[in-house]
Amino acid sequence: MTSKPVDLPADLAGAYMALLAALEALQAERDVAVADAANAQAEAANWQTQATNWQAEAATVQAKLSDTEARIARLELRIEKLKRELYGQRSERTRRLIEQLELELEDLVTAASEDELASAAAAAKTQKVRAFERKRPVRKPWPDDIERERVVIAAPSACGRCGGSRLAKLGEDVNETLEEIPRRFKLIETVREKFTCRECEAITQPPAPFHATPRGFIGPQLLATILFDKFGMHAPLNRQSARFKAEGIDLPLSTLADQVGHGTFALMPLFQLIERHVFAAERLHGDDTTIRILAKGKCTTGRIWIYVRDDQPFAGTAPPAAVYYASSDRRGEHPQKHLAGWGGILQADCYSGLNALFDERREGQPLTPAFCFAHARRGFFELADIEKNAREGKRNGKPISPIALEAVKRLDALFEIERAINGKTAAERRAVRQQMSKPLFDDMHAWLLRERETLSRSSDVLKPMNYLLSRWTDFARFLDDGRICLSNNAAERGLRGIALGRRNWTFAGSQRGADRTAVMLTMITTCRLNDVDPKAWLADVLARIADLPISRLHELLPWEWKRSREPEKPADQQAA
């Protein structure tokens, strides 16, 4: 804000009046500028409020859409079941169709529950948008002979309004929570007694307890069992529902799917903490495996990706952990997205989709590849497997390749050295490798080059030889870095359960179902890596996470949870 200089009159009184007028003009300009700034701030605040309202409305619409899709799937399933009851068992295809619809309904109901919670969270930030609340099927009453446990919350001793002590019981609110006691069920009735004050007639009642899921319909122990059986033991919810019904508890598939949605939503903050811990590592193991994903009435071959942080082989102190992701295909853009903000040593197979991560022109720091010797050994071993050839006989068996057999022996000698230094520090491992492994490795390199010159282009053993020789520098990196492992077994072990479980659940009901599987596998595998019982951990976390401040969420991480339960050592042992 600028103004022209004032030409003052010659007399003192006139000069004073001129200065006073100039001051008033400047104050008027300042008031206009302040008003303009206030208007701009108000307009910005108004736009921000509208944006928040729009986000809340979008979340509400998404929740309504998910609920509608779940209703449609439920009706389609009911129609197919009625057709089967009406016309009898028509074909094996009908049975498979019903199972497919059940799995699809499971994912849709779980997604609807997650969207409902997201809608409630977005609506809480506004005053104009109401959160969407799904209409759930009416639950059947619990069996009359089920065991019941009455938990009465301590009544208030004084009126909450006036502090008076003359309280009279007015009534009570009872909340029933189904809980599991290893294959024995009970209903926990959480009672909140109401009292009225004789002096001021105010009603006093203790606050409702927090639950991992809204309304506390399923207790944390039972919810942990459902989640662990589905994602840890690969038991689909339709089979769990049948098992519950056989034990006298009617828990339909839609009810179980609804609770799974609430459970995974509650655990998402811990997934993010584990993810952050994994990508704080200097070295990671990475791998992937196939998973069938239902999309538009047919199954596509998707992938489950794993990244493991395990510093124990070189005496690292950071706790091990694993994080999973799901994708609809195996394009290289997926691992590039997962590892976009990370830099370090990546132990993996020689998948071409990772090449962009190793490119020196990559934005930021390019990753350092360290390839898996177990993959390289596998190609030779298949040509030198004497027992397999003996089983197949002369009809299918191929002659044993002497070169492949020699290559397996040389690689096994390297693995034998690694077993002796597992758990040593990185410096100790490097020293041993330089002294013992490097001569063997260099000799194998010269031997492979000599033998390759003697082979024809059609030789079977040429493929595993070229696989190893064309990437020799990246395979040899373990000699100069004691942190690198000889194999990628840490990642392969994390995917073994998925390969075993594929026969049980056949496919994921949707892309969101595959993502949900990745989140829960992150929790369960990280527990197992830290020698923590996943089911016990889930039960305790689900019981505590609702009323634990965000600043203390790290206490629920599997390694922190385990440490808090270990008995304290005596002072003399700690000094020793």
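Everything below is about the structure shown above.
Heads up: these notes are all about the structure in this document. Small disclaimer: the values here were computed from a predicted structure and weren't measured.

How each quantity is defined
All residue numbers refer to positions counted from 1 along the written sequence of the respective chain. The predicted origin of the model limits local features to residues at a pLDDT of at least 70 and limits the giving and counting of side-chain atom pairs to 80 or more, whereas totals for whole chains, interfaces and linings rest on all residues. Note that the side-chain values use all heavy atoms of the structure and ignore hydrogens as well as water. The way it works is that DSSP assigns letters per residue, a run of H or I at least four long becomes a helix, a run of E at least two long becomes a strand, and they are numbered from the N terminus. Whether two residues touch is decided by their heavy atoms; if any such pair falls within 4.5 Å, the residues are in contact. Residues are said to line a cavity or pocket when one of their atoms sits within 4 Å of a point; the points come from a 1 Å grid over protein atoms alone, cavities being sets where a 1.4 Å probe fits but cannot get out and pockets being open sets with protein on both sides within 12 Å along at least five of seven lines. Grid points are joined across faces, edges and corners, and a volume is the space filled by probe spheres set on the points. Three categories are distinguished: nonpolar for Ala, Val, Leu, Ile, Met, Phe, Trp, Tyr, Cys and Pro, charged for Asp, Glu, Lys and Arg, and polar for the others, with Gly belonging to the last. One requirement defines pairing of two strands: DSSP has to find at least two bridges between them. Between N-to-C directions, angles span 0 to 180 degrees; the directions come from axes that are lines fitted to C-alpha atoms, helices contributing only their stretch in contact. Put simply, two rings from Phe, Tyr or Trp (the six-membered ring, in Trp's case) pair if the centres are within 6.5 Å, and we call them stacked under 30 degrees between planes, edge-to-face over 60, tilted for the rest. The classification of residues rests on relative accessible area computed with a 1.4 Å probe and restricted to protein chains. Under 20% of the type maximum is buried, over 50% is exposed, and intermediate values are partly exposed. Two conditions define a charge located above a ring, namely a distance within 6 Å from the ring centre to NZ of Lys or CZ of Arg, and an angle within 35 degrees of the ring normal. A carboxyl oxygen of Asp or Glu within 4 Å of a side-chain nitrogen of Lys or Arg is what we treat as a salt bridge. A pair of cysteine sulfur atoms is labelled a disulfide when the two atoms are within 2.5 Å.

## Some details on the environment of P220
Then, in step 1: Note on placement: P220 falls in helix 3 (residues 220–232).
Then, in step 2: With 41 residues separating them along the chain, P220 and E179 place their C-alpha atoms 7.3 Å apart.
Then, in step 3: Once residues within four sequence positions are removed from consideration, P220 is found in contact with E179, A539, L542 and A543.

## Comments concerning empty space enclosed by the protein
Then, in step 1: Applying the stated criterion to the full structure yields three cavities of 30 Å³ or more.
Then, in step 2: Empty space within the second largest cavity amounts to approximately 70 Å³.
Then, in step 3: As for the second largest cavity, its lining consists of G286, D287, D288, W305, Y307, P335, L346, A348, D349, Y351 and L354.
Then, in step 4: When residues of the lining of the second largest cavity are traced back to their parent elements, those giving at least two are strand 5 (283–295), strand 6 (298–309) and strand 8 (345–348).
Then, in step 5: With three residues, the single largest contributor to the lining of the second largest cavity is strand 5.
Then, in step 6: Considered class by class, the residues forming the lining of the second largest cavity number seven nonpolar, one polar and three charged.

## Some points on the sheet that holds strand 9 (residues 368–371)
Then, in step 1: Read across the sheet, five strands follow the order 7-6-5-8-9 without closing on themselves; strand pairing throughout is mixed. Since the sheet does not close on itself, it has two edges, and those belong to strand 7 (321–327) and strand 9, each with one partner. When the angles between neighbouring strand axes are averaged without regard to direction, this sheet yields 30°.
Then, in step 2: Pairing analysis gives 11 bridges linking strand 5 to strand 6, with the strands arranged antiparallel. When the sheet's bridge partners are listed, T290 is paired in strand 6 with R303.
Then, in step 3: Running at roughly 110° to strand 7, helix 5 (residues 253–278) makes contact with strand 5, strand 6 and strand 7 of the sheet.
Then, in step 4: Strands in contact with helix 15 (residues 511–529) are strand 5, strand 6 and strand 7; relative to strand 7, the strand with the most contacts, it is inclined by about 170°.

## Notes on the packing of aromatic side chains
Then, in step 1: As enumerated under the stated definition, the model contains 12 aromatic pairs in all.
Then, in step 2: Between W305 and Y351, the aromatic rings sit 6.2 Å apart at their centres with planes inclined by 45°, giving tilted as the arrangement. With W305 in strand 6 and Y351 in the loop between strand 8 and helix 7 (355–358), the pair connects residues that are 46 residues apart, well separated along the chain. Summarising the burial analysis for this pair, W305 and Y351 share the class buried.
Then, in step 3: Their ring planes at 20° and their centres at 4.3 Å tell us that F441 and W472 sit as a pair that is stacked. Taken together, the residues F441 in helix 11 (residues 426–453) and W472 in helix 13 (residues 472–475) connect sequence positions 31 residues apart. Considered together, F441 and W472 belong to a single accessibility category, that of buried residues.
Then, in step 4: Grouping aromatic residues by their ring pairs yields a cluster made of F358, F371, F373, F441, Y467, W472, F475 and F478.
Then, in step 5: Taking NZ or CZ as reference, R330 lies 4.0 Å from the ring centre of Y351, over its face.
Then, in step 6: It is R471 that lies over the ring of Y467; its NZ or CZ is 4.8 Å from the centre.

## What about the pattern of salt bridges?
Then, in step 1: Overall, the coordinates contain 32 salt bridges when judged by the stated rule.
Then, in step 2: A salt bridge links D311 to R309; its shortest N-O distance comes to 3.5 Å. Both residues of the pair, D311 and R309, belong to the buried class.
Then, in step 3: Connected through shared salt-bridge partners, R148, R150, K169, E172, E176, E189 and E193 make up one network.

## Some points on the state of the cysteines
Cysteine pairs can be linked by a disulfide, which is a covalent bond between their two sulfur atoms.
Then, in step 1: Using the criterion set out here, one finds zero disulfides in the structure.
Then, in step 2: In this structure C197 is not part of a disulfide, and its nearest cysteine sulfur, from C200, lies 3.6 Å away.
Then, in step 3: Judged by relative accessible area, C197 falls into the buried class, the value being 1%.

## Remarks on unusual backbone geometry
Then, in step 1: The phi torsion at E201 lies on the positive side, around 65°, for a residue other than glycine.
Then, in step 2: Structurally, E201 can be placed in the loop between strand 3 (184–197) and strand 4 (203–204).
Then, in step 3: Positive phi outside glycine occurs at A315, with the angle close to 60°.

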